[in-house]
Each structure stands twice: as C-alpha cells, then as structure tokens.
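# Structural description and commentary
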Amino acid sequence: MASLADHKNSQVLNLTLMAKSRPKPTLLPGIDKISLKLVNSDDILAKLVLPAAAFTDRWEIQIDNPTMVDVNVTSSSIALTGEKTGYQLTKKSLSLPYDEKILPANKISVLNLTLNRMEIPADSYSGNIYLIMKGSTDRLTIPIAINTRIGPWRAVLALFFGIILGWLFRYAQKKEPQSKALKYVSRLEVYIR
C-alpha cells in the first residue's frame, strides 16, 4: 500500500486525449452497385420505344457517413472498360464533381455522376468508381456497370429495306404478266420497223 507521504508528493497530471477515427463511409444498402442501361441516341423513335431511364444524363450516388466526424473526399477516379471492344471510358464520357466534397457526420450525402450518353459507344462497360478520403488509406470502391446501345432506327431501317426487297422478289416471281407484256412490246417493235 502506498503511504500517505507518497500521496502528498504526487502531482496531478491532466491529459487531453484526442482520438480520430478513420473515415469509413459506405453506400446505402441495396445501392451498393450502380447498373445503368443507356441509349446513345436522342431520336424520336428511340424516345417512343425505349423507357425514359435509358436517356438519363445524371446519376445520384448516395453515400452514408455513419461516423461522428465529417469526411472529406479529396479526389475521385473512374475506371470503366468495354467488354466487347475494350474501349476505356474517359472523363469526356462520365465524370464526378472536381471540387472536394465534405460528407457531413452521421448523414447521407449525394455525389452526382454526370453521363454524356452520346460519347459512350455501344458496349457493356464494367469497372469501379474510387473515392479517396482525407486521413484514410482506404478508398471507397463503387462497382459500376453501364450497358449502352444504339437507337432503334438502324433496326427499323433494316426492316424497311427487308420489306421492300420482299416485295420486289415477290413481284419478280410473277413472270407471267411480264412475259405477256414483253411479247406485246416485241410485236410492237416489229410492227413499227
């Protein structure tokens, strides 16, 4: 046991302890993967046939910050590659805001992904969006898949030409009226000479 004399010589030391937690924002449950089906056309036929979601130019990424401190997203990167063509999408095709974004403590925040559908060639793209946070070595990785197709006008045009060719083929199959007409034209030519 410590004696009373030792207790009189002791000093009180005040310590201030500051603990900083590493930011760990997450995507909302159910929206942990972005999957978009787009069309890179704005023609009238496409708007009549396809759903409105195929023409979206913006997607809201909802991020939950369950920590008790604000999280500062310092930078972002997007990496998407086409499955069939190997084409890599650039910032010209899709982008996130360039400025730093603060995700308030214990709140759900939104980052807007901007899509330029006309610059995305038809293909199935898959990859990730990476968000880098200040004070953290971890990145928030958001899986993303984009399926882009061309408008339906090419299919309609091919169908139209197919119908025209079918009519011409059917007309060519009916040789009897043509052969009679050719006989009359030949006789007329002989008669005129």
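Cut-offs and rules
Here, residues in each chain are numbered from 1, in the same order as that chain's written sequence. For a predicted model such as this one, the threshold for reporting local features is a pLDDT of at least 70, and the threshold for listing and counting side-chain atom pairs is 80 or more; totals across whole chains, interfaces and linings nevertheless cover every residue. By convention in this description, side-chain values take in all heavy atoms of the structure and omit both hydrogens and water. Salt bridges are identified by distance alone: a Lys or Arg side-chain nitrogen within 4 Å of an Asp or Glu carboxyl oxygen. In this description a helix means any DSSP run of H or I spanning at least four residues, a strand means any run of E spanning at least two, and both kinds are numbered starting from the N terminus. When accessible area is computed with a 1.4 Å probe and restricted to protein chains, residues below 20% of their type maximum are described as buried, those above 50% as exposed, and intermediate ones as partly exposed. To pair, rings of Phe, Tyr and Trp, with the six-membered ring standing in for Trp, must have centres within 6.5 Å; the planes then decide the type, stacked if under 30 degrees apart, edge-to-face if over 60, and tilted in the middle. A residue counts as positive if it is Lys or Arg and as negative if it is Asp or Glu; His and the chain ends are not included. Residue contacts are counted whenever heavy atoms from the two residues lie within 4.5 Å of one another. At least two DSSP bridges between two strands are needed for those strands to be called paired. Only the contacting stretch of a helix is used when fitting its axis, a line to C-alpha atoms as for every element, and angles between N-to-C directions run 0 to 180 degrees. Think of pLDDT as the predictor's per-residue confidence, scored from 0 to 100. By nonpolar core is meant a set of buried Ala, Val, Leu, Ile, Met, Phe, Trp, Tyr and Cys residues that side-chain atoms within 4.5 Å join together.

The final tally for this structure, using the stated rule, is three salt bridges. The salt bridge partner of Arg-117 is Asp-57, with a shortest N-O separation of 3.0 Å. On the criterion of sequence distance, the pair formed by Arg-117 in the loop between strand S7 (107-115) and strand S8 (123-133) and Asp-57 in the loop between helix H2 (44-49) and strand S3 (58-65) is long-range, its members being 60 residues apart. The partner of Glu-60 in a salt bridge is Arg-58, and the shortest N-O contact between them spans 3.2 Å. Judged by its relative accessible area of 38%, Glu-60 is partly exposed.

Another aspect to go through is the packing of aromatic side chains. Within this structure, the stated rule accounts for one aromatic pair. When the ring of Phe-160 is compared with that of Phe-161, the centres are 6.0 Å apart and the planes differ by 55°; the resulting orientation is tilted. On the basis of relative accessible area, Phe-160 is assigned to the partly exposed category, the value being 47%.

So, on to the side chain of Asp-123. Along the chain, the position of Asp-123 falls in strand S8. Of the side chains bearing the opposite charge, Lys-84 lies closest to the buried Asp-123, which forms no salt bridge; the N-O distance is 4.8 Å. Among all residues touching Asp-123, those that are not within four sequence positions of it are Gly-82, Glu-83, Lys-84, Thr-85, Gly-86, Ile-146, Asn-147 and Thr-148.

With that settled, the discussion passes to the sheet that holds strand S6 (residues 101-103). Read from one edge to the other, the open sheet built from five strands follows the order S2-S9-S8-S4-S6, with strand pairing classed as mixed. In the strand order of this sheet, the two ends are held by strand S2 (34-39) and S6, each with one partner. When strand polarity is set aside, the average angle formed by the axes of neighbouring strands in this sheet is 35°. For S2 and strand S9 (residues 139-149), the ladder comprises six bridges, and the chain directions are parallel. Among the inter-strand pairings, Lys-37 is bridged to a residue of S9, identified as Asn-147.

Quick look at the confidence of the model for the chain now. Averaged over all residues, the pLDDT of the chain equals 82, while 87% of them reach at least 70. At the level of individual helices and strands, the chain shows its lowest average pLDDT in helix H1 (residues 4-9), which scores 59, and its highest in S8, which scores 92.

Before going further, it helps to spend a moment on the nonpolar core. Counting 25 residues, the largest nonpolar core has Ile-61, Ile-63, Leu-113, Ile-129, Leu-131, Ile-142 and Ile-146 as its most contacted members. If near-sequence neighbours (up to four positions away) are discounted, Leu-113 is found in contact with Asp-57, Arg-58, Trp-59, Ile-61, Ile-78, Leu-94, Ser-95, Leu-96, Ile-129 and Ile-144. Ranked by size, the runner-up nonpolar core spans five residues in total, among them Val-39, Ala-46, Ala-54 and Phe-55.

You will see that Asn-106, though not glycine, has its phi angle at about 55°, which is positive. Inspection of the secondary structure assignment puts Asn-106 in the loop between S6 and S7. On the basis of relative accessible area, Asn-106 is assigned to the exposed category, the value being 52%.

With that out of the way, let us pick up the sheet that holds strand S1 (residues 26-27). One open sheet accounts for four strands, arranged S1-S3-S7-S5; its pairing is antiparallel. Looking at strand neighbours, the two that pair on one side only are S1 and strand S5 (94-95), the edges of this open sheet. One ladder, built from eight bridges, connects S3 with S7; its direction is antiparallel. Along S7, the bridge assignment pairs Asp-64 with Ile-108.

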